[in-house]
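Descriptive structure summary
Residue strings, one per chain:
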Amino acid sequence: MAVVKLQTPIPEEEIRKLKAGDIIYISGIVYLSRDEAHLRALEMAEEGKELPLDFKGLALFHCGPIVTQDDKGEWHVVAAGPTTSSRMEIFQDKYIEKFRISVVIGKGGMYERTAAAMKKYGAVYGAFTGGAAVLAAKAVKKVKGVEWLDLGTPEALWIFEVEEFGPLTVAIDSHGNNLFKDVSQKAEENREKAYEIIGVSK
Amino acid sequence: MEFAPIIEKVAFNLLKYAATVLPENAVKAIKTAYENETNPVGKSQLEAIIKNFETGSKLRIPMCQDTGIHIYYVEIGADSPIEDVGKIKEALENASKRATTEVPMRPNAVDPFGSNSGDNTGRYIPWINWEIVPGDKIKITAFPKGGGSENMSTVKMLKPGVGIKGVMKEVVDWMIQAGGQPCPPTVVGVAVGGGADIAMKLAKKQLMRPIGEPHPQKEVAEIEKKLKEAINTTGIGPMGLGGRTTCLAVHMDYAHRHPASLPMAISVQCWAARQSAAEISADGKVKYLHHKVKE
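Residues numbered from 1 in each chain as written. Chains lettered and ligands numbered in written order. Predicted model: local features only at pLDDT ≥ 70, side-chain atom pairs only at ≥ 80, totals over all residues.

Moving on to the overall build of chain B. In terms of helices and strands, chain B carries 8 helices and 9 strands. A compact globule built from 295 residues would reach a C-alpha radius of gyration of about 19 Å, and chain B, at 19 Å, matches this within 12%. With respect to the principal axes defined by its C-alpha atoms, chain B has extents near 50 × 50 × 40 Å. Taking all 295 residues of chain B together, 51% fall into the buried category. Across chain B, contacts joining residues at least 24 apart in sequence account for 79% of those joining residues at least 6 apart. (Helix = DSSP H or I, 4+ residues; strand = E, 2+ residues; numbered from the N terminus. Rg over C-alpha atoms; globule rule 2.2 N^0.38 Å. Buried ≥ 20, exposed ≤ 12 C-beta atoms within 10 Å, placed from the backbone. Contact = placed C-beta atoms within 7 Å.)

Okay, structure coming up:
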């Protein structure tokens, strides 16, 4: 279990070195997108439109933050923990293929399609403790920008400059390992034991 | 006597404290889980959770960015001298709006056919559960509910023939399937009987019980205990990354049912078991039940 510090844009060879269970900290650019912003980015790419940010090598964070705007119009992050990543499973593979991001940060884990894309294109899933919004916000040095505010502040494309953002547990690596899958397989094996406790059978 | 202005101020404080300071019973439950955790990844998750809510509480900032959809429980004593019941709804809406900008809380009220209202109010939101109770006090509870754990709710209409064992199996199966998604360690609210809506209302209400407080009826308490043990046997653990504590408690309740139906509902609370309540007595004095509120 290695502890690795990474700087964006992250080269593919750095990503390939990471193994499930490693702890990573990211410095540089972490940008935020949830359901709506994924959909919009993919639609824009499909229509050949230019995106407001080159996502390549960056860390994508599944998060809808609490933000405030001061009198000068500058944005500040109050709280920014991860949202449930599984909602993005429906298009995360396509997204990775299209935009070649290096890290997906979220909570709750992702499934086969995403893991396959991560293996193919060289990306990892970094699990951030769900709800740990205060810790996340503390690592944000500056809000570099925001796009697509018409989606509402939780769904907008926020661009954060971060320093040692983490700890993130590499839960899906670029070699096909998936910690969440391991845990759910174990839970499956333990189902019988759980049934015994409550006195039922399959 | 007019209570709406007091209620507005109280409800704002309740939202503020609910969002930023975890009730003592939840703190205790999570710290116990941390002490008992043997899986290093699970333990690291609990450590981050504790560090996070302790920092949030110190700095008075929301412990989670998802400050929930705004739900209130309002209990009005039948003998309360209140003269402005009709103004309570507006008072609570105003509290939600003010908390959105001042706490701040994330705007979480989205028109399904349109956009985010921006102030945590909208059609039927905040949702208010009304109850007339004996006595002369008014009790207000703010229960902001996060979306991640709410997405793991379910109602099932079982065949009465499967019995309570069948209900228990559904709970175990459902929580295995939910895995790390509802931000474990969770509190699992379970209810049977009534009807689809009644079961869900009761299941959700169980999340407001102090964590681990058993149901007053022995046979229900026994089922709660067994379900907790079964869910924790799965090894899903904190955040679904593996460990001994998947749930902090199972809270169960029931209503009588139709002979042909066995409705059951599961409502899940993430580790951020946020709530805050206050009692307003007949003379307008306020007593906060979960937090030491500084005005």
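Next comes the rest of the description.
If you tally the helices and strands in chain A, you get 6 helices and 9 strands. Since a compact globule built from 202 residues should have a radius of gyration of about 17 Å, the 18 Å found for chain A is in line with a globular shape. For chain A, the C-alpha atoms occupy an extent of roughly 65 × 35 × 35 Å along the three principal directions. Looking at the 202 residues of chain A, the share that counts as buried comes to 50%. Across chain A, every contact between residues at least 6 apart in sequence was considered, and the portion connecting residues at least 24 apart equals 63%.

Most peptide bonds adopt trans geometry, and most residues besides glycine take a negative phi value. Here the residue pair Val 103 of chain B and Pro 104 of chain B is connected by a cis peptide bond, since its omega of -10 degrees sits within 30 degrees of zero. When you line up the elements, Pro 104 of chain B lands in the loop between helix 4 (88-102) and strand 2 (127-133). The omega torsion across Ile 125 of chain B and Pro 126 of chain B is 0 degrees, close enough to zero to call that bond cis. With respect to the secondary-structure elements, Pro 126 of chain B resides in the loop between helix 4 and strand 2. One non-glycine residue, Arg 100 of chain A, lies in positive phi territory at about 50 degrees. In this fold, Arg 100 of chain A is placed in the loop between helix 3 (89-99) and strand 6 (103-106).

Here we come to the domain arrangement of chain B. Residues and elements named next belong to chain B. Taken domain by domain, chain B consists of domain 1 (4-19 + 63-146 + 274-288) and domain 2 (147-269). On a C-alpha basis, the centres of domain 1 and domain 2 stand 26 Å from each other. Taken together, the contacts link 6 residues of domain 1 with 5 residues of domain 2. Looking at the side of domain 1 that touches domain 2 residue by residue, the classes come out as 1 nonpolar, 3 polar and 2 charged. (Domains from an automatic or database assignment. Nonpolar A, V, L, I, M, F, W, Y, C, P; charged D, E, K, R; others polar.)

With that out of the way, let us pick up the interface of chain B and chain A. By a frequent convention, interface size equals the accessible area lost on bringing the separate parts together. Listed per partner, the contact involves 46 residues of chain B and 43 residues of chain A. Looking at the side of chain B that touches chain A element by element, the count peaks at 8 residues for helix 3 (residues 40-59) of chain B. Here the residues of the side of chain B that touches chain A sort into 21 nonpolar, 19 polar and 6 charged.

To continue, consider the environment of Ala 137 of chain A. By the secondary structure assignment, Ala 137 of chain A is in helix 5 (residues 133-139). Considered as a pair, Ala 137 of chain A and Gly 81 of chain A are 56 residues apart in the sequence and their alpha carbons are 7.7 Å apart.

Our focus in this paragraph is the sheet that holds strand 4 (residues 154-158) of chain B. Residue and element names in this part refer to chain B. Pairing within the open sheet is mixed, and its 4 strands lie in the order 4-7-5-6. Because the sheet does not close on itself, it has two edges, and the strands there are strand 4 and strand 6 (247-254). Geometrically, the sheet is characterised by an average inter-axis angle of 15 degrees between neighbouring strands, direction not taken into account. Bridge count for strand 4 against strand 7 (residues 262-269) is 5 bridges, and the pairing is antiparallel. Residue pairing across strands places Lys 156 opposite Met 264, the latter belonging to strand 7. With respect to the sheet, helix 8 (residues 218-233) is in contact with strand 5 (186-192) and strand 6, its orientation differing from that of strand 6 by roughly 145 degrees. (Pairing = 2+ DSSP bridges. Axes fitted to C-alpha atoms, helices over the stretch in contact; angles between N-to-C directions.)

Let us now look at the nonpolar core. If you look at the biggest cluster of nonpolar residues, it comprises 146 residues, and the most contacted ones within it are Val 30 and Tyr 31 of chain A together with Ala 11, Leu 14, Leu 15, Val 188 and Ala 191 of chain B. Summarising the domain contributions, this core has at least three residues from each of domain 1 (4-19 + 63-146 + 274-288) and domain 2 (147-269) of chain B. (Core = buried A, V, L, I, M, F, W, Y, C linked by C-beta atoms within 7 Å.)

Another point: the sheet that holds strand 9 (residues 286-288) of chain B. Residue and element names in this part refer to chain B. Read from one edge to the other, the open sheet built from 5 strands follows the order 2-1-3-8-9, with strand pairing classed as mixed. Every interior strand has two partners, whereas the edge strands, strand 2 and strand 9, have only one. In this sheet, neighbouring strand axes are inclined to one another by 15 degrees on average, regardless of whether the strands run parallel or antiparallel. Inspection of the sheet shows strand 1 (residues 71-77) paired to strand 3 (residues 138-142) by 5 bridges, in the antiparallel sense. Within strand 3, the position partnered with Ile 76 by the bridge is Ile 138.

Turning our attention to the environment of Lys 19 of chain A. All names here are of chain A. Secondary-structure assignment places Lys 19 in the loop between helix 1 (12-17) and strand 2 (23-32). Given 15 C-beta atoms within 10 Å, Lys 19 falls into the partly exposed group. Between the C-alpha atom of Lys 19 and that of Gly 131, which follows or precedes it by 112 residues, the distance is 24 Å. The residues touching Lys 19, leaving out its near neighbours within four places in the chain, are Val 170, Asp 173 and Asn 177.

Moving on: the environment of Ala 91 of chain B. Residues and elements named next belong to chain B. Locating Ala 91 in the fold gives a position in helix 4. On a C-alpha basis, the gap between Ala 91 and Lys 294 in space is 20 Å, while along the polypeptide they are 203 residues apart. Apart from the residues lying within four places of it in its own chain, the contact partners of Ala 91 are Ala 4, Ile 7, Glu 8 and Ala 11.

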